[in-house]
Amino acid sequence: MYLPRNLISHLYLQLLRTHHPLSPPVLILVALEPDALCACRILTALLKRDYIPHKIQPVAGYGDLARAGEELVRPMRMTEGGSGGVVVCMGVGGLVDLSDILCLTVEGEVEDMGGVEVWVIDARRPWNLGNVFGGQAWTQQTLQDGDSIARPKVSGVDKGCITQSYRTGNGGVIVFDDGDIEEELRAEREAYCALEEMPEVDEDDDDAGDSDSDNDTVNDSGSGKKRKSWSGREEEDEESDFDEPPRQRRRSNSSSPVPSSPSARPRIGHDSSNSSRSPSPTSDSPSPLVRRQSSARALRRKLLRMRRKHENVLHSYYSMGTSYSEPISSLLYSLASELGREDNDLLWLAIVGVSSLELSGRTMSGIGVSSASESGGSAGWGGERGERIRQILRDEVHRLNPPDPYERDRDIRGEINGVIPTAARSPTDTSIRLSPEPRFLLIRHWSLYDSMLHSPYLAARLHVWSEHGRKRLHKLLAKMGVSLSQCHQNYTHMDMELKRVLRQRLLKYAPMYGLDGLVPPVASGHIGSREGWGFVRSWGWKACLSATDVGVIIGAILEVGPHEPSATWQPGQLARHRDDISAQDSDPSNLLPRFWTAYDALSLTSDSPTLLLEALPLAQHLHRAILRTGTTLLSKHLIRHLRAFRIAVVKDGPDVKLFTNPGALTKLALWLGEAIQVQEKEKGDSYKIGKKRAVGTPLVLASLDEDRDVYVVVGTGGGGGVVDFAAMAKRQEERRNKKEAKDKKNKEKEERRAKRAAERAERGEDDDEADETEEDDSSSSDDSDSDGELDTSANKHLVRNRFGIAFQEVVQETNARVRIDSFEHCVVEVQKEDLGGFLEALSFRSVVG
């Protein structure tokens, strides 16, 4: 089931009304990522204000999710002695069947879900459609007496959509819709619901139907066996260390017959009144029994075509590749706003969550380099949609942080001049402000030179991995009138006049070096429309941090952070303890201290900036390692070009163990991907796909984890800035095959029509059966047309990351030992000895689409 955006507060208000002191605590399952942490902080703040007890459980992957289902969710079921309750999945579970992995149902029993209600809030796409349009609890009231089981009709649910009349209590899986389901999944909704209501039809006997007419009956009695999922693949019973994640599958009710009435449609293949009669020997027309059998064959062929058509719709949806929708921190802030609970603290958490998406490469086309416009200071998430969300946040900043009338003129002058705020206005200032943030890294906490040097945007366009690139950076600073002694000082200690004119000089000289998007454009209109501007918050004299700074620090804590929440890291300590951090990085038990350290750093109390500032050296250490490793790979030409993607392997060097963490490895891959994309754009290596010009190729980056003898592999792509040569060849071949198949099908159809017309003329039949046959043929033609429309609609959007699908295809067809446990399906672990064969098989796959 799914909750429409306009009813986002409906479930929370019901939880508030039904909560009592003996109610079980709300269980919150949270992914280890900044956006999910910010969303969790917003939700827990709401629960605390309403005195609703809750429990937080960090979840690192599908293994952790399955353990949480077995150990925490299953005991909540009423059938297991529990009392039901609410489970909130934040950033987890959107791609898999949660009723199965969370042990909500037991095979062979009525799927009442034990009174456990699961709220799914996830930005990853595609959705598992079983969660979106299914997930209803089968209570005894929804069942009917008789030979068959009717499809459950849950009050307040219309084809999976929750309405205002829905009441909680029975349990089920409920997906929070950010607007995409209502707007973009109408065809998938109709196809899924049609498949749910469709009876079982034996496909194996379809070709033999003409010769075996006595067995041509539709299974209308309900066999009690589950219909195969859209993929047609069986689940494997064996579990091993290296296996696939829970597959996407839809929940189906194959034991439900097609709703019918005796007057509308007779029982197919059975006639109680005429079954003992024999046809008249003197009649020229076929007997009623023969006509019924012929009608049954025609109806079964029609049902098969309809089912294939609907399954093709679902298959096309799942095959598009991964993408990201609205950040869940933004969605939770909308919930707080609907409840009238919004304030500066919750707004800041939403801003940090939205800002963190670009840092981790999460675009509307999957993990990859953003293809958003470079005209602003932040390329940002989601293109136009992302900019609309950020504009709403800017409006909220002005609403909740009105300017001081005594300092209004000074603030306006500062914003017009584009001065980057580095301090609070007063000791008690905790306001949020807009800032013309340049695309530098940690500029308030680093020198100007280091901030520019470690900026992925600037590094890719100046080629800072080469000596020539470093000289270009020095020339840019010289043209702006910044001496080397000044730019190597901490930015907060630089000359005040230089900081005032820095933005104007960047706007003047940056275009000479191809850096048009280095700073936001000149502000126009009223202050509330600062397109491309960032966000800054002050904690009195303690700290002044931008949202991007906080996202960088939180990401570093989660990826390479300390093992104890109380640990503080100084630059000297980092050098001494680097090996200890790296050696223990792959141990899952170390993920919990990282989670709670990051969770505490996002605290809404005054201690938050202290914890963030203590972790600053850790973030700087991570980005120094990215620059060192990326420079080595590019300068030594260690990135090779395979058929469908580029490949690089990190297996030695001082920072190799640092990149055994998927998050850190992904950031390195994004740094390399942006550099490669700029290089190929400068060389003119581009290819036009439809109306879009794509530059570069997808990138596969592997890092050796010697402690576990595996390679951690990440595949980045999408963003509209890649060329997938394997996919292009495959699409061309598919178009040729489709055209040949269509011509052959039309020819066979004409032959069948002529043959049937001749047979009808010999038997002297009427035109009833001819009409049915013509209807079947037209349905087949419609199916072909709809398939073509699906292909068009699937490719009209951005080029998406399909590495997750490609990885699973390689696993199924090879003997490579691969473990897919991450919620990011483009991240896998491959046994050291199997990496070569795995990459070879992967090179023949379509990795973006």
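Residue numbers here run from 1 along each chain, matching the order of that chain's written sequence. Reporting in this predicted model follows two pLDDT cut-offs: at least 70 for local features of residues, and 80 or more for side-chain atom pairs to be given and counted; totals over whole chains, interfaces and linings ignore these cut-offs and use all residues. Hydrogens and waters are ignored; side-chain quantities use all the structure's heavy atoms.

Taking an unreviewed UniProt entry as the reference, the protein chain is identified by name as Cell division control protein 45, putative belonging to Byssochlamys spectabilis.

Asker: Give me the lowdown on the sheet that holds strand β14 (residues 534-538), citing residues and values where you can.
Answerer: Strand order in the open sheet formed by three strands is β13-β14-β15, with antiparallel pairing between adjacent strands. Of all strands in the sheet, those bounded by a partner on one side alone are β13 (432-435) and β15 (544-546). Each neighbouring strand pair of the sheet contributes to a mean axis angle of 30°, computed without reference to strand direction. Here β13 runs beside β14; their pairing, made up of four bridges, is antiparallel. Along β14, the bridge assignment pairs Arg 433 with Val 536. The criterion used for residue contact is that any of the two residues' heavy atoms lie within 4.5 Å. To get an axis, a line is fitted to the C-alpha atoms, and for a helix only the part in contact is used. The angle between two axes follows their N-to-C directions and goes from 0 to 180 degrees. Numbering of helices and strands starts at the N terminus; helices are DSSP runs of H or I of at least 4 residues and strands are runs of E of at least 2. Relative to β14, helix α10 (residues 344-359) is tilted by about 140°, and along the sheet it contacts β13, β14 and β15. Should DSSP find at least two bridges between two strands, the strands are regarded as paired.

Asker: Which residues make up the sheet that holds strand β21 (residues 710-716), and what are the values?
Answerer: One open sheet holds the six strands; their spatial order is β16-β17-β20-β21-β23-β22, and the pairing between them is mixed. Looking at the sheet topology across the chains shown, the edges are occupied by β16 (640-641) and β22 (818-819). The pairing of strand β20 (residues 699-705) with β21 spans seven bridges and is classified as antiparallel. Along β21, the bridge assignment pairs Leu 701 with Val 714.

Asker: Lay out helix α26 (residues 803-813) with the relevant residues and their values.
Answerer: Of all the positions in α26, only Phe 803, Gly 804, Ala 806, Phe 807, Gln 808, Val 810 and Val 811 are classed as buried. Buried residues in α26 make contact with β20, β21, β22, β23 (827-831) and α27 (835-842). The buried label applies to any residue whose accessible area, calculated with a 1.4 Å probe on protein chains only, is under 20% of its type's maximum; exposed applies above 50%, and partly exposed to all values in between.

Asker: Describe the pairing of β23, naming the residues involved and giving the relevant values.
Answerer: For β23, the tally of buried residues reaches five of five residues, placing the bulk of the element in the interior. A two-sided burial pattern is seen for β23, the buried positions comprising Val 827, Glu 829 and Gln 831 on one face and Val 828 and Val 830 on the other. Sheet topology places β21 next to β23; five bridges connect them, and they run antiparallel. When the sheet's bridge partners are listed, Val 714 is paired in β23 with Val 827. Inspection of the sheet shows β22 paired to β23 by two bridges, in the antiparallel sense. Of the residues in β23, the one forming a bridge with Arg 819 is Glu 829.

Asker: I'd like to hear about the side chain of Thr 363, residue by residue, with values.
Answerer: Its place among the elements puts Thr 363 in strand β11 (residues 362-363). In this structure Thr 363 comes out as buried when scored by relative accessible area, which is 9%. Residues adjacent in sequence count toward polar contacts only when both atoms are side-chain atoms; beyond that, a polar contact is any pair of N or O atoms within 3.5 Å, and within protein one must be able to donate a hydrogen and the other to accept it. Reaching out from Thr 363, the side chain makes a polar contact with the backbone oxygen of Gly 366 at a distance of 2.7 Å.

Asker: Residue-level account of the packing of aromatic side chains, with values.
Answerer: Aromatic pairs are defined between Phe, Tyr and Trp rings, using the six-membered ring for Trp, whenever the two ring centres lie within 6.5 Å; interplanar angles under 30 degrees are classed as stacked, those over 60 as edge-to-face, and all others as tilted. Scanning the model with the defined rule gives 13 aromatic pairs in all. Note on Phe 595 and Tyr 599: the rings are 6.0 Å apart at their centroids and 20° apart in plane angle, and the pair reads as stacked. One end of the pair, Phe 595, and the other, Tyr 599, are both in helix α20 (residues 591-601), four residues apart, so they sit about a helical turn from each other. Taken individually, Phe 595 and Tyr 599 each receive the classification buried, so the pair is uniform in this respect. The rings of Phe 645, Phe 803, Phe 807 and Phe 838 are connected pair by pair, giving a single aromatic cluster. Working rule: Lys NZ or Arg CZ, within 6 Å of ring centre, within 35 degrees of ring normal, means a charge sits over the ring. One residue, Arg 41, lies across the ring of Tyr 599, its end atom 3.8 Å from the ring centre.

Asker: Mind laying out the pairing of strand β3 (residues 54-59), listing which residues take part and the relevant values?
Answerer: The pairing of strand β2 (residues 26-31) with β3 spans six bridges and is classified as parallel. When the bridges of β3 are listed, Val 30 appears paired with Pro 58. When the strands point away from the viewer, a crossover counts as right-handed if the path from the first strand over the helix to the second runs clockwise. Handedness of the β2-helix α2 (residues 34-49)-β3 crossover: right-handed.

Asker: So what's going on with the confidence of the model for the protein chain? Which residues, and what values?
Answerer: Every residue carries a pLDDT, the predictor's confidence in it, which falls somewhere between 0 and 100. In this model, the protein chain carries a mean pLDDT of 77, and residues with pLDDT of at least 70 account for 71%. β2 holds the highest mean pLDDT among the elements of the protein chain, 96, whereas helix α19 (residues 571-583) holds the lowest, 38. Counting contacts from residues 687-695, a segment whose pLDDT is below 50, to residues more than four positions away or on other chains yields 28 contacts. Across residues 779-797 the pLDDT falls below 50, and counting only partners more than four positions away or on other chains, this stretch makes 21 contacts in the model.

Asker: I'd like a rundown of the pattern of salt bridges, residues and numbers included.
Answerer: Any Lys or Arg side-chain nitrogen located within 4 Å of an Asp or Glu carboxyl oxygen qualifies as a salt bridge. Inspection of every chain in the model, using the stated rule, returns 37 salt bridges. As a salt-bridge pair, Glu 437 and Arg 444 come within 2.5 Å of each other at their nearest N and O atoms. A relative accessible area of 12% places Glu 437 in the buried class. Assessed through its relative accessible area of 4%, Arg 444 is described here as buried. We note a salt bridge from Arg 500 to Glu 497, for which the minimum N-O separation is 3.3 Å. With Arg 500 and Glu 497 both in helix α17 (residues 496-509), this residue pair falls three residues apart, about one helical turn. According to the relative accessible area criterion, Arg 500 is partly exposed, its value standing at 42%.

Asker: Could you give an account of the environment of Leu 359, naming the residues involved and the relevant values?
Answerer: Mapping Leu 359 onto the fold places it in helix α10. On a C-alpha basis, the gap between Leu 359 and Pro 456 in space is 9.8 Å, while along the polypeptide they are 97 residues apart. With sequence-adjacent residues up to four places away left out, Leu 359 is seen in contact with Thr 548, Gly 551, Val 552, Lys 667 and Leu 670.

Asker: Run through unusual backbone geometry, naming residues and quoting values.
Answerer: Cis geometry is found at the peptide bond from Arg 125 to Pro 126, where omega equals 10°. Inspection of the secondary structure assignment puts Pro 126 in the loop between β6 (124-125) and α5 (129-133). Of note in this structure, His 463 is not a glycine but carries a positive phi near 55°. Looking at the secondary structure, you find His 463 in the loop between α14 (456-462) and α15 (467-479). With a relative accessible area of 17%, His 463 lands in the buried category. You will see that His 637, though not glycine, has its phi angle at about 55°, which is positive.

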